[in-house]
Amino acid sequence: MNQDRLQEMWDSSSASVADFAHHLMASSRAHFVLRQTFEYRYSGPVTSLRQRLVVIPPLEHGGQRLIFHRLSTEPGASNAEWSTDRFGNSIACVRIGAVTEFIRFEVDVVIEREPGLVTARLRSEALRDPIYLDPTALTQPDKALASAARVASSGSASHLEIAERVCRTVHEALSYRKGATSVDTTAAEALATGAGVCQDHAHLMIAMCRSLGVPARYVSGHLLGEGQTHAWVEVLVADPDDPDAAVALPFDPCHLQKPDLRYVTVAVGRDYADVAPASGTYSGRHSNRLTSNTRLGVTVLGD
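Residues numbered from 1 in each chain as written. Predicted model: local features only at pLDDT ≥ 70, side-chain atom pairs only at ≥ 80, totals over all residues. Heavy atoms only, no water.

Asker: Lay out the overall build of the protein chain with the relevant residues and their values.
Answerer: Counting secondary structure elements, the protein chain contains eight helices and 16 strands. Looking at the protein chain alone, contacts between residues at least 24 apart form 75% of all its contacts between residues at least 6 apart. (Helix = DSSP H or I, 4+ residues; strand = E, 2+ residues; numbered from the N terminus. Contact = heavy atoms within 4.5 Å.)

The structure is reproduced here in structure tokens:
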């Protein structure tokens, strides 16, 4: 896909289509066009930069399919080493010998989606995998969190019912407030604070679900119209039609809704630490500052 074709898709897209799902259901497919930039500025020269980027969606996830991606670096060119982690996420590792003032990473992605919501599928072993059941440093429950989880799940007959009740409890327990938490805030700390961002809502729901024996995982992605990275949760339940499979049911406790055709999944993991979009190290005493920008558009196509 050349630059002219990519620009043409951008020109015909919209990031605020209120009735997008309705139009897509009446069409054959849609293209999501994503552009992200991550810019690090340093107070002085640094060396041995090693950057980890988790910004490219998997080839397939549920009903979405990756059809194009590009990662570019400015200034100069660098080769990214690509790998796939244990969750199936695409990981780019960029190494640069020296940076004098700044480094910018630009990501272009095109995803195709057909009408209808399709949940991601896994092998049934995932339902018993400790990776989705054991707490992490960010999702370790304390007494207050465990107690809130038990109250939320009281009377529930299935893991699906538990997930639905926990989702509502988390939404009511945390008000959305930027700056109230950081990327290092734990689920228990967010609950005690009573506020946070989408990351905190996801961590709290995951922590509650796992404390109740319900396997759950963190999802990093985008929601059409938000203009920034978003986070939600997938709860794993048995596939009623296939004893050898499990399905990943999405929940968005931040917005108290089921993720629909407006959501784009980039990566999944135990918590934010597994799927942080940009992280890395460098040598030098100088400080750095990260700024990022996200634009997600969509074009609904006919037959």
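Asker: Go over the pattern of salt bridges with me, naming the residues and quoting the values.
Answerer: Inspection of the entire model under this criterion finds 15 salt bridges. Two residues, Lys258 and Glu164, come together in a salt bridge whose shortest N-O distance is 3.8 Å. Taken together, the residues Lys258 in the loop between strand E13 (245-251) and strand E14 (263-269) and Glu164 in helix H5 (residues 159-173) connect sequence positions 94 residues apart. Close ionic contact of Arg262 with Asp260 constitutes a salt bridge, the shortest N to O distance being 3.0 Å. Connected via shared salt-bridge partners are Glu39, Arg41, Glu74, Glu101 and Arg104. (Salt bridge = Lys/Arg side-chain N within 4 Å of Asp/Glu carboxyl O.)

Asker: Run through the pairing of strand E11 (residues 216-223), naming residues and quoting values.
Answerer: In terms of burial, E11 is a largely internal element, eight of the eight residues being buried. Across seven bridges, the pairing between E11 and strand E12 (residues 229-238) is antiparallel. Within the sheet, the bridge partner assigned to Tyr218 lies in E12 and is Val233. Between E11 and E12, which pair antiparallel in sequence order, lie five residues; one of them, Gly225, sits at a positive phi of approximately 100°. Bridge count for E11 against E14 is six bridges, and the pairing is antiparallel. (Buried < 20%, exposed > 50% of the residue type's maximum accessible area, 1.4 Å probe, protein only. Pairing = 2+ DSSP bridges.)

Asker: A description of the sheet that holds strand E5 (residues 80-84) should follow, citing residues and the corresponding values.
Answerer: Judged by pairing direction, the sheet is antiparallel, and its four strands sit side by side in the order E5-E6-E2-E15 without closing on themselves. At either end of the open sheet lies a strand with only one pairing partner, and these are E5 and strand E15 (278-283). Across the sheet, the axes of successive neighbouring strands diverge by a mean angle of 20°, strand direction being ignored. Bridge count between strand E2 (residues 46-56) and E15: five bridges; the pairing is antiparallel. Bridge pairing in E15 links Arg50 to Thr281. (Axes fitted to C-alpha atoms, helices over the stretch in contact; angles between N-to-C directions.)

Asker: A description of the sheet that holds E14 should follow, citing residues and the corresponding values.
Answerer: Sheet architecture is open: five strands sit in the order E8-E13-E12-E11-E14, paired in antiparallel fashion. In this open sheet, the two edge strands, each paired with only one partner strand, are strand E8 (120-123) and E14. Mean inter-strand twist for the sheet, computed between neighbouring axes without regard to direction, equals 35°. Both E12 and E13 contribute to a ladder of six bridges, which runs antiparallel. Following the sheet pairing, Val235 is matched in E13 by Leu249. Sheet strands in contact with H5 are E12 and E13, and its direction is about 20° off that of E13.

Asker: Residues and numbers for the environment of Ala238, please.
Answerer: Tracing the sequence through the fold places Ala238 in strand E12. Those residues within four positions of Ala238 in sequence are excluded, and the remaining contacts are Leu127, Ala245, Ala246 and Val247.

Asker: Pulling in residues and values, what's your account of the nonpolar core?
Answerer: Ranked by size, the top nonpolar core spans 40 residues in total, and within it Leu145, Val166, Leu204, Met205 and Val235 carry the most contacts. A per-element tally of this core places helix H7 (residues 198-211) first, with eight residues. Sequence-distant contacts of Met205, defined by excluding residues within four places in its chain, comprise Ala163, Val166, Cys167, Val170, Val233, Val235, Phe251 and Pro253. Among the nonpolar cores identified, the runner-up in size contains 27 residues, and Phe32, Ile56, Ile111 and Leu296 belong to it. (Core = buried A, V, L, I, M, F, W, Y, C linked by side-chain atoms within 4.5 Å.)

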